[in-house]
Amino acid sequence: ELFTELKALTFVLPALSGLTKGHKSTQQIAIDQNVLKGLYQLSGMSTEYRLGNFAEGLLESLSLNNQNVTNVIENIRNEEIEKKKEKSDAARKRVLDKLQMQVNSSENGGIGKITAGNFDFFEDLEEEEFCCKVCREGYTYLPDEVL
């Protein structure tokens, strides 16, 4: 059974939220035991028992009046954003490579221009005439009428 399916977590997480609110030594233990990263990941989950909401509440109570915890949570958020950005950039690069295109980086650190590669593979495609998807009538019967 996955830990996210444990109904006891619906009682444990709110209880921990109440116990850690404003209690600096308990909040420091959360940093020392590397609990915050797991809680942050759990806060992004949508489960049957709303564990994501409870984990988010626990993160908020852990960071209450404690700048150290707030900084650690912010660092975790920034790491996750960077990971997602790297994954997105890799997927974008794969698509551009497949289309034989490349990105010329801009001087001011922006995305840059995308330059087209060789589009000879599109010339092999046959041109299709436009036709109605219902009756399959094309432009030969009434060429001036809008389909």
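Thresholds applied
Residues numbered from 1 in each chain as written. Predicted model: local features only at pLDDT ≥ 70, side-chain atom pairs only at ≥ 80, totals over all residues. Heavy atoms only, no water. Core = buried A, V, L, I, M, F, W, Y, C linked by side-chain atoms within 4.5 Å. Buried < 20%, exposed > 50% of the residue type's maximum accessible area, 1.4 Å probe, protein only. Helix = DSSP H or I, 4+ residues; strand = E, 2+ residues; numbered from the N terminus. Contact = heavy atoms within 4.5 Å. Patch = residues over 30% accessible without salt bridge, like charges linked within 9 Å, V, L, I, M, F, W, Y side chains within 5 Å. Areas by Shrake-Rupley, 256 points an atom, 1.4 Å probe, with all protein chains shown as cover. Salt bridge = Lys/Arg side-chain N within 4 Å of Asp/Glu carboxyl O. Expected span 1.5 Å × (residues − 1).

*Asks:* I'd like a description of the nonpolar core, backed by residues and values.
*Replies:* Counting residues in hydrophobic clusters, the biggest one holds 16 residues, and the most contacted among them are L13, L36, L39, L59, L62 and V69. Those elements giving two or more residues to this core turn out to be α1 (9-20), α2 (24-32), α3 (36-43), α4 (51-63) and α5 (67-98). It is α4 that provides the largest number of residues to this core, a total of five residues. Leave out the neighbours within four places in its chain, and V69 touches Q27, I31, L36, L62 and S63.

*Asks:* Please provide a residue-by-residue account of a nonpolar patch on the surface, values included.
*Replies:* Taken together, the side chains of F3, L6 and M45 present a nonpolar region at the surface, about 270 Å² in accessible area. Mapped onto the fold, L6 is located in the segment before α1. For L6, a relative accessible area of 36% corresponds to the partly exposed category.

*Asks:* With reference to specific residues and values, describe the pattern of salt bridges.
*Replies:* The full count for this structure, using the stated rule, is five salt bridges. The salt bridge involving R77 is made with E56; its shortest N-O contact spans 3.9 Å. Separated by 21 residues along the polypeptide, R77 in helix α5 and E56 in helix α4 bring together distant segments of the chain. E56 sits in the partly exposed class, given a relative accessible area of 27%.

*Asks:* Please give an account of α4 that cites residues and values.
*Replies:* Between the first and last C-alpha of α4 there are 18 Å, a value that for 13 residues agrees with the 18 Å anticipated at 1.5 Å per step. Among the residues of α4, those classed as buried are L51, G52, A55, L58, L59, S61 and L62. Tucked inside the fold, the buried residues of α4 contact α1, α2, α3 and α5.

Purely geometric numbers; function is a separate question.
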